[in-house]
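Below, each chain spelled out in residue letters.
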Amino acid sequence: MAKRTIIPFGPQHPVLPEPIHLDLVLEDEMVVEAIPSIGFVHRGLELLCKKKSFKDLIYVAERVCGICSFMHGMAFSQGIEKIMDVSVPDRALYLRVFWSEMSRIHSHILWLGLTADAIGFESLFCHCWRIREKILNIIEDTTGGRVIFGVCKVGGVRRDVDDDTFKRILGQLKEIESDYNNIVDVFRRDYTVKHRFSGVGVLPREDVCPLGAVGPVGRASGVSQDMRKLGYAAYNNLDFEPVTESAGDCYARCMVRIREVNLSFDLIRQAVEKIPDGPVDVKVKGLPEGEVFSRVEQPRGEVVYYLKGNGTKFLDRFRIRTPTFTHIAALVQMLAGCDLADVPVIVLSIDPCISCAER
Amino acid sequence: MSFIKKSPWMFHYDGSSCNGCDIEVLACLMPMYDIERFGVINTGNPKHSDILLITGSINRQNEDVVKTLYGQMGNPKVVIAIGTCAASGGIFAECYNILGGVNTTIPVDLYVPGCAARPEAIIDGVIQALDILEEKQKQRKKGKVTK
Amino acid sequence: MFEEQEIISIGKRELVDRIRGLSSQDYRLVQIGCTKLETFQIDYSFDKDYKFLNIRVNVPIEDAQLPSISGICGSAFVYENEIHDFFGIKVDGISIDYGGNFYRTAVQAPFNIEEPSTDEE
Amino acid sequence: MNTVFYTTIGYILLAPFVGGLLMGLDRIVTARMQSRVGPPVLQPFYDVFKLFGKDKLTVNQFHNYYLVCFFIFILVSGSMFFAGNDLLMVIFAFIVADVLLILAAYSTNSPYSSIGAERELLQMLSAEPMILLSAVGLYMVTGSFKVSAIVSCEKPLIVYLPGVFLGLTYVLTIKLRKSPFDLSTSHHAHQELVKGITTEFAGPALAVIEIVHWYETILLLGMIYLFFAFNPVLGVVVVVFVYFLEVLVDNTNARIKWELMLKSAWMVTIIVGGGNLFVLYYVLRL
Amino acid sequence: MTWITFLIIFPLLPACLVLLFKSVSIQKWVVIIASALICIGSVCLALTCTQAEAQYFRVTPDIVNKLVATGDITLALVFLYVCRHLPLKRYWIPLLVVVQYGAVVWYDLSGRVPETTHCLFVDNLSVIMALVIGIVGPLITVYTIGYMEKYHEEHPEVPDRRDQFLSAIFLFFSAMYGIIFSNNITWIYFFWEITTFCSFIMIGYPQTEEAVHNSFLALWMLLLGGLGFAAAILYASSVCGTVDLRQLLTMKKSVVLLPVLLICFAGLNKAAQFPFAKWLLGAMVAPTPSSALLHSSTMVKAGVYIVLRCAPVLHGTAAGAMVALIGGLSFLAGSALAISQRDGKRVLAYSTIGNLGLIILCAGIGSHLTLWAAVLLIIFHAPAKALMFLCVGTVEQQTGSRDIEDMNGLISRMPLLTIVMLIGLAGMFLAPFGMLISKWVVLEVLARKNPVLPMIVIFGGELMLFFYVKWMGKLVAVTGPQPQQGEGIGIEWSALGGLAVLTVLVCGLFPFVGIYLIEPMYGCDPMLSRQAIRAVAIMLGLMLLLPLGFFIPRKDLVHVDLYLSGANVTDPHKFMDSMGTARDCSFKNYYINKYFSEEKLFPGALVGSIVLLILMFSMEKL
């Protein structure tokens, strides 16, 4: 039975909006082996640190990825602030939490939609994205951008949100949340959805650590690991527990994300409640010298920025390690032995952001 | 009026975009914007499409891919470059792996500006592309007659 | 609030044993990064229960070679292929070796090319 | 002879209109279920006319040729049905048509097409037994395989064959390529197989596929109608209702995998369809 | 009568001639002329002997009976001789021989076997069988000449015993005609065992370890059937008091059911139904012509034929229903098992088992309508299956492989052969070709029976469709310009072409076959309405006309490469893989080993069929 089909899956493939290539080795419909290939989005933006000053680099960081754009900016700013020992005002930190959680909600709902689409459930796709538009409206309301916010900067944030707006937003969020809960009930209950997710792409708990799985993928396998617990921004003042599931399959990952959205709604409420008055930024003086590893929990998991300054306005190294990149190894393992029909589901279950991964 | 104006099928390729424009392209299909009102279907297959939406700039590795996909579309066809990167490379123009905007590789008919381009702008771009499509269809028919 | 970051510099020979030790203590490989200074500075970052630990190895730029740790940490192969493609460092024995085709870049080993920092202003 | 002639011509001319309209309504209803506005009702026709105006792309010399054969055999099958011919022969012609489509996909040697072809085969393996079984069921009640005889049968067939009807409705989803059974190809290409069996068809060839789909739809709905032929008004109402049900199912289900499709379709065929026939067999013998 | 004698006796002549003349060219001409004569003989028989009533011929009993007894003894000795060095210590083989021949010969010599005066007969069923043997057989024989020549070029390790092979073929012809024209079951038994012997010789021909092993496997399994036959003879002569087939079949069912079941047992065995299917699969090691001739189109049909003969007795009995169910089980299991196979000959072997199962199913029910369908199946199955075997044999010789995956893109490499092969494949399962028409008839007939039977036919038919279509798919895949092969198919073309034409022709002619041959025999309305025949005619016409459409020149086609997710490289059938190299995108079929593998299904089918066999005999009194 040595004869196997090898099919090219991607770079252009309608089920994945982004270009990634997989060589799928098939036996009947079973995937025996999958070898990923990346680089179709590779721009080489890490080297831009030689061409743009560290203050401008935040624009680059925000465009590492258009979905978790804000958190890239935040991780970068945090790192530079640490090197330069800038203390950011509290209100800015709370606003960062607010926008991170908004973008986490938008990212997770986007993901829910895309996954629904990958299993051929178009109407669920549409409804998820319908809700997401409401979130985007709030984001646009507060930042002026829909997907790329451009509000984070070294030393704080660029915009403030006044209390009336916050009040209005809380009201809107309440409606959105109940709408959202109705829709995700389909994920929880629908037979065909369960059929497509349960037992698919299982990543056992003991494999999480060796394969370096992070974020929702790790949490779905029962590893409670959430970088927000590091307490960056204002997270040390907020009360929350990382969401975990134990099954480690696509269904668990789906459930983790669904529940994380609820957690985010809750965090936003807490943050809005506790937000102090005051300025939203400080002036940054001097040039960075030193190095730092800055870690932030993105919707897809832990992102690591390694920044090394040498006392000029150009950084020595601007290194980004994104969650998708570290998930490639887990992906290779999960894809072996699955069905062809499961491939998009499994690939999507790590919530791939190829643009992040390849930079 | 030719039917191509009534049923422009599109497909989307992510050159090396940051996903910002990509998700906005997808958002066009969604209830809020519902581009299917104009008969647009996101086919996902170059052979079935009339409009190619490219987001992001062209890099060394996807150059051949974009050429291949463009070549697999049947005439008449239109290419729309979505976003700043697709127009010129944008913020990434200086990166070592970026060749530049989409026009460095295939002919572009229409540019939609923005970083990220807004869904309204994308829909507007698609609607404007319809006239170009119709023009191309006319040219094509004429060409056939003269031949 | 910022986490503690422990950075330990070791020699290339100790590397594999050290990492095997960490791996057996359930440390998770966070990333492998490379920075070009006078030498190549390779960072192996680990994490255990939110505790960040960084193992640093310096490799001379001429004759840059590294042993692979992909046998110990399953996710290491992507970083090692990346380091190979970006910096031109030879990594021996990667579990899935793309042979330089992980990133098919326009420039070979782009991070290893001396480019003067341009001043825009 | 004359009536046969007229029904055949009528089917060939009218079916695409009705089918296309149904498809247009389908798209609107679908859009509304997704809280969208949706395209104009004539959109399927626009699409087809547009496709005819496009380049005739092809990957090899045989590809489009099989497609034409496919088209002709669907026409033959449908015409035979509406001319009141032998139901089994209608189904067999339908199978031949399907096989030709599969061969067209195979002939491309393209991975996505070929897997689509393979899945289409699995779909046939799942659906055809039930369709043939319903022909047997109709025969058991009416004593004839001829469609004309079945239609003119005074008995309310649905009362005798509720299980068969249910089974047929179940596999109808497979034959209409609606979710959850749109494995080999679907109207939305966002699946692992791109467009599956139709990936390599482009331009006019794709238009032909669309048109054939309209013919198929009408033919299959005709089979549903047979169960209610004793009362034409009720029949039409049920047909419309069943089609609406298909749209609803399409919109409330994810695509399932082939194993579940095969198993469930065979279970339905054997338990619901076969069970019905058994009961009928013993009732009729009494 | 003349033609019958001619057909039984004449093939012995070329059988001796090929042994006498070692020259290849003489052998060639002997074979061609003899084949032509056999063919002419069968057609003449059909023209002269087609009547509503069966005709019985008186044969001087003394000499012939002696002859048969002597033949029996000789055959027994020959069997014992070939068993002289048994592989794997299968001592039960000689035991089987000794027991059955000992009993039969002793009964015969001691005069306990009743005399029969009319030993030969002919009726329409015999005529149809004669036509099948006499038209398909000679074509295969002619094919053998060319095939064996190349076979020995390619397999120098196999000792060249072509003369024996050809001789065995002609001996086989004689035996087959003997079976279908004999009215005396002792005679049938004699000829029956000759065919077993021929089969044994041919399977063992390559003399490899596997071939020898399989030949002995076939031998003992077929001898088991012989044992059943022998038991039937003993029972019939001692209890029923006659070995005259006609008399036996008209006796009271309660008396005659047991011997008839024993004969059916032999028939099931020869038709390779479960649980005996294994010998047929093993027989695939033999050179292809023998697979085509013995193991698909004719010899296995002898098993079906004898069950068909017994059908009037089986009709309406529970035991008959069991026979039908064994057939049904074989149909289902054979079709399902073929899905997991990728060796072309093995697929064909399984589908043979399946198709014969369908015929047995019809015969077991035994009503006139089902018999009518069964006969149609025999007629359609023979040419198409023979054609397929010969095509696979030719492909194997041309490309060195009979693996279906290796036939990918055959239409680019050997267009003509592929077209012939597609006709054969279409003939096996596609409307409006033969097998499907008969399946349609079967369904129409069975629809008024217990719903289990139509369901078996429906599911089996769909499974069959699955593996044949995916095979067809491999053939039609266009893999781009490749070197043309197919040179050096010489005399084989006449056989391939002839069979292809025949496959199409029988579909066109089947209403006539029905009206002139089958209907007088079973006296029933074939139930084929005019309208349906017209539908078949239209479809057949389309099938013949549509290929012409391919020659219509078409302009303005734009050739593009395959959709490969944009990973195309300059070669249209290659793509850029993850490691950056160009790779072939050839696609492999599904084999669904998870559900249809031999390991999973075969034991189940074996157990099921053995249970059914036991039930069959235990229901003898019902």
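Conventions we followed
Residues numbered from 1 in each chain as written. Chains lettered and ligands numbered in written order. Predicted model: local features only at pLDDT ≥ 70, side-chain atom pairs only at ≥ 80, totals over all residues. Heavy atoms only, no water. Contact = heavy atoms within 4.5 Å. Buried area = accessible area lost by both parts, 1.4 Å probe. Salt bridge = Lys/Arg side-chain N within 4 Å of Asp/Glu carboxyl O. Polar contact = N/O pair within 3.5 Å; in protein donor to acceptor, adjacent residues only side chain to side chain. Helix = DSSP H or I, 4+ residues; strand = E, 2+ residues; numbered from the N terminus. Nonpolar A, V, L, I, M, F, W, Y, C, P; charged D, E, K, R; others polar. Pairing = 2+ DSSP bridges. Core = buried A, V, L, I, M, F, W, Y, C linked by side-chain atoms within 4.5 Å. Buried < 20%, exposed > 50% of the residue type's maximum accessible area, 1.4 Å probe, protein only. Domains from an automatic or database assignment. Phe/Tyr/Trp six-rings, centres within 6.5 Å; stacked < 30°, edge-to-face > 60°. Lys NZ or Arg CZ within 6 Å of the ring centre and 35° of its normal. Expected span 1.5 Å × (residues − 1).

## Some points on the interface of chain E and chain D
Every contact between the two is made by 62 residues of chain E and, on the other side, 66 residues of chain D. Approximately 6100 Å² of surface area, both sides summed, lies buried where chain E meets chain D, with 75% of it carried by carbon and sulfur atoms. Between chain E and chain D we count one salt bridge in total. Here glutamate 259 of chain D and lysine 594 of chain E are joined by a salt bridge, their closest N and O atoms 2.5 Å apart. There are eleven residue pairs in polar contact (both at pLDDT 80 or more) connecting chain E and chain D. When contributions to the side of chain E that touches chain D are tallied by element, the ones reaching two or more residues are helix H20 (434-446), helix H21 (452-476), helix H23 (530-549), strand E3 (557-559) and helix H24 (593-596) of chain E. Split by residue class, the side of chain E that touches chain D holds 42 nonpolar, eleven polar and nine charged. Across three bridges, the pairing between strand E1 (residues 56-58) of chain D and E3 of chain E is parallel. What sits directly across from leucine 57 of chain D, in E3 of chain E, is valine 558 of chain E.

## Considering the interface of chain A and chain D
Opposite the 31 residues of chain A that make contact, chain D presents 27 residues. Taking both partners together, chain A and chain D bury about 2400 Å²; carbon and sulfur atoms supply 56% of that area. In this structure, the connection of chain A to chain D is made through eleven residue pairs in polar contact (both at pLDDT 80 or more). Of all the secondary structure elements, the ones that give two or more residues to the side of chain A that touches chain D are strand E1 (5-9), helix H3 (90-118), helix H4 (122-143), helix H6 (191-197) and helix H11 (342-349) of chain A. Of the residues in the side of chain A that touches chain D, the class split is 16 nonpolar, seven polar and eight charged.

## Topic: the nonpolar core
Inside soluble globular proteins, nonpolar side chains tend to come together where they are buried. The biggest cluster of nonpolar side chains holds 577 residues, and the ones touching the most others in it are Phe187 of chain A together with Trp471 of chain E. At 21 residues, helix H17 (residues 368-399) of chain E tops the list of elements feeding residues into this core. There are two domains that each give this core at least three residues, and those are domain 1 (1-314) and domain 2 (562-591) of chain E. Leu52, Ile54, Ile58 and Ile106 of chain B belong to the second-largest nonpolar core, a separate cluster that totals 17 residues.

## Focus on the packing of aromatic side chains
Counting across every chain of the model gives 61 aromatic pairs over all chains. Measuring from ring centre to ring centre gives 5.4 Å for phenylalanine 102 of chain C and tyrosine 103 of chain C, while their planes differ by 80 degrees; the resulting arrangement is edge-to-face. Each member of the pair phenylalanine 102 of chain C and tyrosine 103 of chain C is classed as buried. Members of the aromatic cluster, connected to one another through ring pairs, are Phe325 of chain A together with Tyr79, Phe86, Tyr98, Phe102 and Tyr103 of chain C. For the cation-ring pair, arginine 257 of chain A lies above tryptophan 111 of chain A, with the distance from its terminal atom to the ring centre recorded as 4.3 Å. Over the ring of tryptophan 9 of chain B we find lysine 50 of chain D, and its NZ or CZ is 4.0 Å from the ring centre.

## Details of helix H15 (residues 318-339) of chain E
Taking 1.5 Å of rise per residue, 22 residues should cover 32 Å, and H15 of chain E covers 32 Å from first to last C-alpha, within 8% of that figure. Counting buried positions over the 22 residues of H15 of chain E gives 17, a clear majority of the element.

## Here we look at the side chain of aspartate 98 of chain D
Residues and elements named next belong to chain D. Residue placement: aspartate 98 occurs in helix H4 (residues 87-107). Under the relative-accessibility criterion, aspartate 98 is labelled buried at 1%. Discounting residues that sit within four places of it in the chain, aspartate 98 has contacts with Phe70, Glu120, Met124, Glu128, Lys175 and Arg177.

## Some thoughts on the pattern of salt bridges
Residues and elements named next belong to chain A. Within this structure, the stated rule accounts for 67 salt bridges over all chains. Two residues, arginine 146 and glutamate 133, come together in a salt bridge whose shortest N-O distance is 3.2 Å. Of the two residues, arginine 146 sits in the loop between H4 and strand E4 (152-153) while glutamate 133 sits in helix H4, which places them 13 residues apart along the sequence. Here arginine 146 matches glutamate 133 in class, with each residue buried. Beyond isolated ion pairs, a larger network of salt bridges with shared partners links Glu101, Arg104, Arg219, Asp226, Arg228, Glu260 and Glu297.

## Re unusual backbone geometry
A cis geometry characterises the amide bond from asparagine 75 of chain B onward to proline 76 of chain B, with omega recorded as -10 degrees. Among the structural elements, proline 76 of chain B can be located in the loop between helix H2 (63-71) and strand E5 (78-82). With an omega of 5 degrees, the peptide bond running from phenylalanine 274 of chain E to proline 275 of chain E counts as cis. Within the fold, proline 275 of chain E resides in the loop between helix H11 (253-270) and helix H12 (278-282). Positive phi is not limited to glycine here, since aspartate 28 of chain A has a value of about 55 degrees. Structurally, the position occupied by aspartate 28 of chain A is in the loop between strand E2 (21-27) and strand E3 (30-37). Notably, asparagine 19 of chain B is not glycine yet its phi reads approximately 85 degrees, a positive angle. Residue placement: asparagine 19 of chain B occurs in the loop between strand E1 (9-14) and helix H1 (20-28). Of the residues examined, asparagine 19 of chain B reaches a relative accessible area of 2% and is grouped as buried.

## Examining helix H3 (residues 24-49) of chain E
One turn of the α-helix equals 3.6 residues, which is why residues spaced by three or four share an orientation. All names here are of chain E. Under the 1.5 Å per step criterion, the end-to-end length of H3 is 37 Å for 26 residues, consistent within 8% with the ideal 38 Å. All of the buried residues in H3 are Gln27, Val30, Val31, Ala34, Ser35, Ile38, Gly41, Ser42, Leu45, Ala46 and Cys49. Looking at the buried side of H3, the elements it contacts are helix H1 (2-9), helix H2 (12-20), strand E1 (55-57), strand E2 (120-122), helix H6 (124-154) and helix H7 (162-181).

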